[in-house]
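Results of the structural survey
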Amino acid sequence: MTGPAPGPYGEQSSSSSLLARYGHATAEDFDGDDQVDLSLDNALLDDDPLDEGNGKAPNTFKRKPKLPSGLALPKFLSQNSNSNQSSRSASPRNLSNLPLPTARSRRLRDVNSNNNSDISLTIGNGHMGEGTSYNDSKDGSALDWYTEGPGRRVGYDDLTAIDWIFEYTKERQRLRYLYSHATGLVGHGAQILDASQIWIILIATGVFSGVLAAGIDVASDWLADLKTGFCRSGEGGGQFYLNKGFCCWGHQELAQCQGWTSWSSAMHVRSSAGQFIIGYIFYFLYSVFFAFCASILVKHFATYAKHSGIPEIKTVLGGFVIRRFMGFWTLIVKSLGLCLAVASGLWLGKEGPLVHVACCCANLLMHLSPSLNDNEARKREVWSAAAAAGISVAFGSPIGGVLFSLEQLSYYFPDKTMWQSFVCAMVAAVTLQAFNPFRTGKLVLYQVTYSSGWHGFEIVPFAVLGIMGGLYGGIFIKLNMKIAKWRKTSPWASTPVYEVLVIAAVTAVVNFPNKFMRAQSSELVYMLFAECANVTDDQFGICKTGAASAGVIILLLEAAVAGCLLASVTFGLQIPAGIILPSMAIGALCGRAVGIVIEVWQGNHPDALIFATCEPDIPCITPGTYAIIGAAAALAGVTRMTVSIVVIMFELTGALTYVLPIMIAVMISKWVGDAFGKRGIYETWIHFKEYPFLDNRDDSPVPDVPVSQIMTQIEDLSVLTATGHTIQSIHDMLVTQPYRGFPVVSDSTRNIHLGYISRTELI
C-alpha cells in the first residue's frame, strides 16, 4: 500500500496508512461487531508488558499508585539484551518493518482464527526473538524504555518537544543498571569507559572545530584575495594557492612585493583609469560567481546550511527536534558555502555559522557513543558545549564562548555543562592556535593590543557610541524583518538563487568604489581596531599624516550606512551568513569616525579645559579604541547580549583598562535597543519562522482578556476517552484529525483530563 500523505506540519494522515501498519488486515476485519474488536483489544492487553499480571484490566491512562519510598524501582519489564533499541527509529514510517513479540503474535492469531482474518500488529521498536518472554525487572535491571504502551516514548517527530524528565529518568536508570553490574576489574573498566565517553566527544569536537575554522579562514582569505589578483610563481614570487598576505610575507609594504600581481598588471594595463576598470570587472565577476556557487550548494545539497543557524540552535537547545539540521551534508555544505559566501564580499560573517559548524561536528561524533546519541537531553548538553567551541574559534575567545552559550543559546545550562563547555572551547582554541592560520600567533585576524589608556572626558563619546549602537540595532532588526516579510511573498521566493545573484551584483557595484567597503570585513575591522603606531601597511590611509580629515570621516560614515542597508538585505538569503561581524564592522566604522572627530578637536584645541588631563608629547586620543567600543555597542544593539560581548572584546584586545568603557557602551546600547523591542535579531527570526520556542526569559505582560476568548470549548476539542476504544475508532480519529496529539479524558460526560498522547505513539 502507498505511504501516507503528509498532513499539516508534516503529519501522516492518509486513510490507508494506519491500516497498512497492521500487516494483512483489511477493512472487513474492522467492520464486524464490537465484540470482536473488544476481544482483540483484550488479547493485546493480556500481553501488555506494563500490566502487573492482570491481563483482563481495561486500557486506562490513569496514573498508577506511587511506589513505596526507598530505593525500590518500578517493575518495568525488559527486553532481550541483544535488542538494538533506538528512540529515533520508532517513527511511524518504519514501525511496519519491525517484528512482533512472539507471545503477542500467538495471541493475535488465536483471536483472528475465529474470524478467518490475519491481523499482524507491530508495536514498539524493540525486537524480541523466539522464546523471549516478559519478566518483571528487579532493582538495577535494564528497562525497556522503547516498548510501546501507556507512558512510553516511541520517538519524536520533527519540530516536536522532547520529554526532559523522561530522558533524564532513562539516563538515571541506565547508570543504575550499569553500576549494579559493575563487579570486578571489567565492571570498573566499563564504568570508567562510560564516564569518559562524553569527554572524548567534547575533546574531539573541539579539535574538529579548530581544524575546520582554520581551514575556513585560509580558504576564504585566498578566495577573497583572488578578486584583486593572484600570486605568480617564479623569481620573487610564490605559489598560486597563496593569498596576498602569504605571497608578500616578509615585505614591510605591499608595494615592495613582486609576487602579488593584480589583474590589471597581468593584462598589461598601465593607465590609472584602465586599472580601475579592469579591477572593477574582475571584482564584480568573482563576487557574483562565489555567491552563486554558495547558493547552489545550499539549494541542492543542504537547505539547512543557510543563514547563521543560531535561531535553529536556540530552538533545538530549548528542547525541540529539527531533523537533518546537524547532518553530514549540512556540515560539508555549511563549511564550503561559508568560504564562498565570505569571499564574495557580501555583508555577512562567518562567526555565527561557525557555531552551527561546531554543533554539526558534535552531532556526528555522538554517533560513536550510543549512550549519548540515544538520549535527547544529554545531546543538548553536548551541543551547548559545542556552541561555546564555535564562538571560541570565531573570536579566539574561549571564556567569551562559554558565556555566549550561557547567555544567548542554552535553555538548560547546569554547572556540569559550563565545565564541559569550558573544556570544549579551550580545546578548540588550542587547536586553532596550533594551526596558526595567519602565521602571526593570533587566533583571529582582528585581534589587537593597546598600550595607551583612556581619559575621564572620553566617557561622553563612549556613551554616544552606545546610543548609536542601540539605534543601529533597533533600526536594523525592523528593516531586516520588513525585507524578510516582503521576500516571503515576493516573486523571488521560488527562485532564491537569482535573488542571491542580484544582491551580490548590487553589493559588488557599491563596494568597489569605497575603499573601506572593498576590503574583506575581517581586514577592515582589524585596520579600524589597530593603533596607528602598530600599523606597518596602511592600505586605507587612515593613519597617514593629515588623514584625520572631513573626507575620511564622510567615507567612514558612508560605508557604515551602506553596510547597514546591505547587511539588512543579505541576512536572510539562501546562503551561509552571519550578522556578528557585519555589525562589528558597522559599529567600528562609526566608532572610528567619532574617534577621528575627537582627535581633530583635541589637536586644534589642546589647551581646552576638557583636555587638561592629556599628557604632553603623547597622543591623547586613540581612534582605534573608539572603533572597539563602537563595535561592541553595535553588536549589543543587534543581539541584546551584554556580559559575553564585554568578555569577547576584552579577550580580543587584552586591555583590561577598556573593560569599563565597553561595559558602559554595551549597557546604554541595550537600553536604547530595548526601547525598540525586547527581542534581539535571533529571537526575532525564531518568531518570524514560527519555531516552537518557549523563551524562559520572556517577561511580556500577561494580556488582560477574558478566559473565554483564549480557551477552546470542550465541545470543539478532539479528545480521546480513556476506555472503550477499538482499533477502528482510533484509526478513524487519526484519519479525520490532523493534530499532533490528543488530550486523554476520563469519559465523554465528566471530561476529567488524565494526560496527553502524541500522534506518533498512537500510530
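Residues numbered from 1 in each chain as written. Predicted model: local features only at pLDDT ≥ 70, side-chain atom pairs only at ≥ 80, totals over all residues. Heavy atoms only, no water.

As annotated in an unreviewed UniProt entry, the protein chain carries the name Chloride channel protein and is attributed to Lepraria finkii. According to the UniProt record, the Subcellular location (unreviewed entry) comment for the protein chain is "Membrane". (UniProt positions renumbered as here; feature names shortened; annotations may be inferred.)

1. Some words on unusual backbone geometry
What is expected of a backbone is that most residues other than glycine have negative phi and most peptide bonds are trans. Phi angles above zero are rare outside glycine, and His307 is one such case at about 60°. Looking at the element boundaries, His307 is found in the loop between helix 8 (272-301) and helix 9 (310-317). On the accessibility criterion, His307 (9% relative accessible area) is buried. (Helix = DSSP H or I, 4+ residues; strand = E, 2+ residues; numbered from the N terminus. Buried < 20%, exposed > 50% of the residue type's maximum accessible area, 1.4 Å probe, protein only.)

2. A few points about the packing of helix 16 (residues 459-489) against helix 25 (residues 681-688)
It is at 11 Å that the axes of helix 16 and helix 25 come closest, and there the two elements cross at 25°. Considered as vectors, helix 16 and helix 25 are oriented roughly parallel to each other. Relative to helix 25, the crossing made by helix 16 is right-handed. Facing Phe476, Ile477, Asn480, Met481, Ala484, Lys485 and Lys488 of helix 16, the residues of helix 25 in contact are Ile681, Thr684, Trp685 and Phe688. When its residues are assigned to classes, the contact of helix 16 with helix 25 shows 7 nonpolar, 2 polar and 2 charged. (Axes fitted to C-alpha atoms, helices over the stretch in contact; angles between N-to-C directions. Parallel < 35°, antiparallel > 145°, perpendicular 65-115°, else oblique. Left-handed = near helix turned anticlockwise from the far one by under 90°. Contact = heavy atoms within 4.5 Å. Nonpolar A, V, L, I, M, F, W, Y, C, P; charged D, E, K, R; others polar.)

3. Some points on the packing of aromatic side chains
For the coordinates displayed, the defined rule picks out 27 aromatic pairs. Centroid distance Trp486 to Trp492: 6.3 Å. Interplanar angle 75°. Geometry classified as edge-to-face. Ring centres of Trp685 and Phe688 lie 5.3 Å apart, and the angle between their planes is 75°; on these two criteria the pair is classed as edge-to-face. Taken together, the positions of Trp685 and Phe688, both in helix 25 and 3 residues apart, correspond to about one turn of that helix. Using a relative accessible area of 5% as the deciding quantity, one classes Trp685 as buried. The structure contains a cluster of three or more aromatic residues connected by ring pairs, namely Phe230, Trp263, Phe282, Tyr286, Phe289 and Phe290. Positioned over the ring face of Phe688 is Lys488, at 5.1 Å from the centre of the ring. Over the ring of Phe512 we find Arg518, and its NZ or CZ is 4.2 Å from the ring centre. (Phe/Tyr/Trp six-rings, centres within 6.5 Å; stacked < 30°, edge-to-face > 60°. Lys NZ or Arg CZ within 6 Å of the ring centre and 35° of its normal.)

4. Brief notes about the state of the cysteines
Within this structure, the stated rule accounts for 2 disulfides. Between the sulfur of Cys231 and that of Cys247 lies a disulfide, 2.1 Å long from S to S. With the S-S bond torsion at 80°, the cross-link from Cys231 to Cys247 turns out right-handed. Taken as a pair, Cys231 in strand 3 (residues 229-231) and Cys247 in helix 6 (residues 244-247) lie far apart in primary sequence, 16 residues in all. What makes Cys247 buried here is its relative accessible area of 9%. What pairs with Cys614 in a disulfide is Cys620, and their sulfur atoms sit 1.8 Å apart. On the sign convention where negative means left-handed, the S-S torsion of about -45° between Cys614 and Cys620 marks this disulfide as left-handed. For the pair formed by Cys614 and Cys620, the shared burial category is buried. Cys359 carries a free sulfur, and the closest cysteine sulfur to it, the one in Cys360, is 7.2 Å from it. Cys359 supplies the cysteine sulfur nearest to Cys424, a cysteine that is in no disulfide, at a spacing of 9.2 Å. (Disulfide = S-S within 2.5 Å.)

5. What to know about the pattern of salt bridges
In this structure the tally under the stated criterion is 14 salt bridges. A salt bridge links Lys379 to Glu376; the nearest nitrogen and oxygen atoms lie 3.7 Å apart. Placement of the pair is Lys379 and Glu376 together in helix 13 (residues 376-395), with a separation of 3 residues, close to one helical turn. In terms of burial, Lys379 and Glu376 fall into one category: buried. A network of salt bridges, in which partner residues are shared, links Glu171, Arg174, Asp194 and Arg378. (Salt bridge = Lys/Arg side-chain N within 4 Å of Asp/Glu carboxyl O.)

6. Regarding the sheet that holds strand 6 (residues 741-745)
Spatially, 3 strands are ordered 5-6-7 in an open sheet, and the strand pairing comes out mixed. Both outer strands of the open sheet, strand 5 (720-721) and strand 7 (753-758), are each paired with one neighbouring strand and no more. Strand direction decides the pairing type here: strand 5 and strand 6, joined by 2 bridges, are parallel. Of the residues in strand 6, the one forming a bridge with Leu720 is Val744. (Pairing = 2+ DSSP bridges.)

7. Quick notes on the nonpolar core
In this structure, Phe529 and Met584 are the most contacted members of the largest nonpolar core, which totals 146 residues. The biggest single contributor to this core is helix 21 (residues 580-604), with 12 residues. If you look at the next biggest cluster of nonpolar residues, it comprises 9 residues, including Leu720, Val744, Ile757 and Ile763. (Core = buried A, V, L, I, M, F, W, Y, C linked by side-chain atoms within 4.5 Å.)

8. Observations regarding helix 19 (residues 521-529)
Of all 9 residues in helix 19, 7 are buried; the element is thus mostly enclosed. Among all positions in helix 19, only Ser521, Ser522, Leu524, Val525, Met527, Leu528 and Phe529 are buried. Summarising the contacts, the buried residues of helix 19 are in contact with helix 18 (515-518), helix 20 (550-570), helix 21 and helix 22 (623-639).

9. Quick look at helix 23 (residues 643-653)
Counted residue by residue, helix 23 has 9 buried out of 11 residues, so it is predominantly covered. Here helix 23 has its buried residues at Ser644, Ile645, Val646, Val647, Ile648, Met649, Glu651, Leu652 and Thr653. Gly654 sits one or two positions beyond helix 23 and adopts a positive phi of about 70°.

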